[in-house]
Amino acid sequence: NHLRRNSGALMKTAKTISFLGILAMTAVLIYGFTIGDFALFVFYLGFLSELTTFAGLLIARYKQIGISVERMYRLMVDAPPETLVEYGDVYMDGNFPAIITPEKTESDVLHTLEVKDLSYRYPYTEKGIKLVNFSLTRGTLNVVTGRIGSGKTTLLRNLLGLLPKDSGDIEWNGIKVESPADFFIPPRSAYTAQVPRLFSESLRSNILLGIDLPDEDVHRAIRNAVMEKDLKELEDGLDTKVGPKGVKLSGGQLQRAAAARMFIRDPELLIFDDLSSALDVDTERLLWERVFAREGATCLAVSHRKTVLDRADKIIVMKDGAIDSVGTLKDLLNSSEEMRRLWHGELEPEQD
């Protein structure tokens, strides 16, 4: 059966071998081409084919490196090109440099955050966000929602300075933020991405990331992240090695470990990108209850979950990279066709 299925390929191979045999015999009879010459030809043929393959791979990798360098240049706003190869200390072991955690001052306490005409377009595409305006106040849950590809994650990354804005202003308590990437860090804000990154270290190390705090604070952060039951099931508790990128944890545990990493830094503004996507309904409800049990807790979250939308003080509906509507769930279900279709699950997902 195997021979029958592959008979076509076998016939082609046989014909090729026969053709090469005819050529070899012709060369031997007419030109004095010996069997040794033929063996040497076949031997060097492998080197020539590998050289051709390597040359093609080298050209492809060179193009990839060019694109990577160009992306790094875009992230290094106003920095000279030589900064890419500038020497920097690399600490593999021994005495690591001290991590300085800035003290929270009165100006760090969030009262209002305003975003004005924030715009960003990905290079060589029409994707991005344009003229986004919204504001949030202390102690509120603000949810960004919309169909896939509407610009939700791009909005968060642009606000945080992870993507360089093309235009627009961000104001913290009425004061313009000149460098979002340097400003939106603990104790002002903390961010958990859609796919959190953990390191192949202990759970404790992944939560602390070098700051010196007692286990009492770690356990408090774990409780706020609704992970205390999971901690009891881990083989070595806080000392459990989570593996590269946290592969030893489930999707929900991974998200909650990243949330605990946020909570332990006691930031003014919590920014989540679809935090509860891997959580069951009860765990999600308990998580939000514990988040807002903290005095003055302020959240900006990307989510499509109905429990989060129902709890939100303000919902920002994104469509095609712009804000379609803003309001409470009740108001939007009355006034926004996009929100009604999202709520009732009528929209088909669109890819980025």
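Keep in mind the model is a prediction, meaning the values are calculated, not measured.

Caption draft 1: Representation of the sheet that holds strand 10 (residues 322-327). Strand order in this open sheet of six strands is 6-7-8-3-9-10, and the pairing throughout is mixed. Two strands lie at the open edges of the sheet, namely strand 6 (189-192) and strand 10, each paired on one side alone. Each adjacent strand pair in this sheet contributes to an overall mean axis angle of 15 degrees, direction not counted. By the bridge criterion, four bridges tie strand 3 (residues 141-146) to strand 8 (residues 298-302) in an arrangement that is parallel. Of the residues in strand 8, the one forming a bridge with Val-144 is Val-302. Against the sheet, helix 10 (residues 281-291) engages strand 3, strand 7 (269-273) and strand 8, with an angle of about 150 degrees to strand 8.

Caption draft 2: Just the layout of surface pockets, in detail. Considered as a void within the structure, the second largest pocket measures approximately 690 Å³ in volume. Around the second largest pocket sit 29 residues that line it, and Ile-185, Pro-186, Ser-189, Ala-190 and Arg-265 are the ones nearest its centre. When contributions to the lining of the second largest pocket are tallied by element, the ones reaching two or more residues are strand 6 and helix 9 (251-263). A per-element tally of the lining of the second largest pocket places strand 6 first, with four residues. Split into classes, the residues belonging to the lining of the second largest pocket amount to 20 nonpolar, three polar and six charged.

Caption draft 3: Broad picture of the environment of Val-177. Relative to the assigned elements, Val-177 resides in the loop between strand 5 (175-176) and helix 5 (180-183). Here Val-177 falls in the buried class, since its relative accessible area comes to 4%. Sequence-distant contacts of Val-177, defined by excluding residues within four places in its chain, comprise Ile-170, Trp-172, Phe-183 and Phe-184.

Caption draft 4: Examining helix 7 (residues 215-224) more closely. Among the residues making up helix 7, those that are buried are Val-218, Ala-221 and Ile-222. Each buried residue of helix 7 lies within a common arc of 100 degrees when the element is viewed along its axis, so the set occupies one face. Residues of helix 7 that are buried in the fold lie against helix 6 (203-208), helix 8 (228-233) and helix 9. A positive phi of about 55 degrees marks Val-226, the residue just after helix 7.

Caption draft 5: A look at the nonpolar core. Core analysis: the biggest nonpolar cluster contains 45 residues, and Leu-203, Ile-222, Phe-263 and Phe-272 have the highest contact counts within it. By residue number, the principal contributor to this core is helix 9, which donates six residues. Sequence-distant contacts of Phe-272, that is, excluding residues within four places in its chain, are made with Leu-156, Thr-192, Met-262, Phe-263, Trp-288, Cys-299, Leu-300, Ala-301 and Val-302. One finds Phe-134, Leu-159, Val-177 and Ile-271 within the second-largest nonpolar core, a separate group that totals 26 residues.

Caption draft 6: Seen up close, the packing of aromatic side chains. Using the criterion set out here, one finds six aromatic pairs in the structure. On the numbers, 5.1 Å between centres and 80 degrees between planes, the contact of Tyr-120 with Tyr-122 is edge-to-face. Overall, the relative accessible area of 27% leaves Tyr-122 in the partly exposed class. Ring pairing ties together the aromatic residues Trp-172, Phe-183 and Phe-184, which thus form one cluster. Positioned over the ring face of Phe-183 is Arg-188, at 4.2 Å from the centre of the ring. Between Lys-306 and the ring centre of Trp-343, over which it is positioned, the NZ or CZ distance is 4.9 Å.

Caption draft 7: Spotlight on the side chain of Thr-145. In this structure, Thr-145 sits in strand 3. Overall, the relative accessible area of 3% leaves Thr-145 in the buried class. In this structure the side chain of Thr-145 is engaged in a polar contact, spanning 3.0 Å, whose partner is the backbone oxygen of Ser-303. With residues near it in sequence (within four places) discarded, Thr-145 still touches Lys-152, Ser-303, His-304, Leu-309, Ile-315, Ile-316, Val-317, Met-318, Met-339 and Leu-342.

Calculation rules
Residues numbered from 1 in each chain as written. Predicted model: local features only at pLDDT ≥ 70, side-chain atom pairs only at ≥ 80, totals over all residues. Heavy atoms only, no water. Pairing = 2+ DSSP bridges. Helix = DSSP H or I, 4+ residues; strand = E, 2+ residues; numbered from the N terminus. Axes fitted to C-alpha atoms, helices over the stretch in contact; angles between N-to-C directions. Contact = heavy atoms within 4.5 Å. 1 Å grid on protein atoms, 1.4 Å probe; cavity = no way out; pocket = protein on both sides within 12 Å on 5 of 7 lines; lining within 4 Å. Points joined across faces, edges and corners; volume = space filled by probe spheres on them. Nonpolar A, V, L, I, M, F, W, Y, C, P; charged D, E, K, R; others polar. Buried < 20%, exposed > 50% of the residue type's maximum accessible area, 1.4 Å probe, protein only. Arc of directions from axis to C-beta. Core = buried A, V, L, I, M, F, W, Y, C linked by side-chain atoms within 4.5 Å. Phe/Tyr/Trp six-rings, centres within 6.5 Å; stacked < 30°, edge-to-face > 60°. Lys NZ or Arg CZ within 6 Å of the ring centre and 35° of its normal. Polar contact = N/O pair within 3.5 Å; in protein donor to acceptor, adjacent residues only side chain to side chain.

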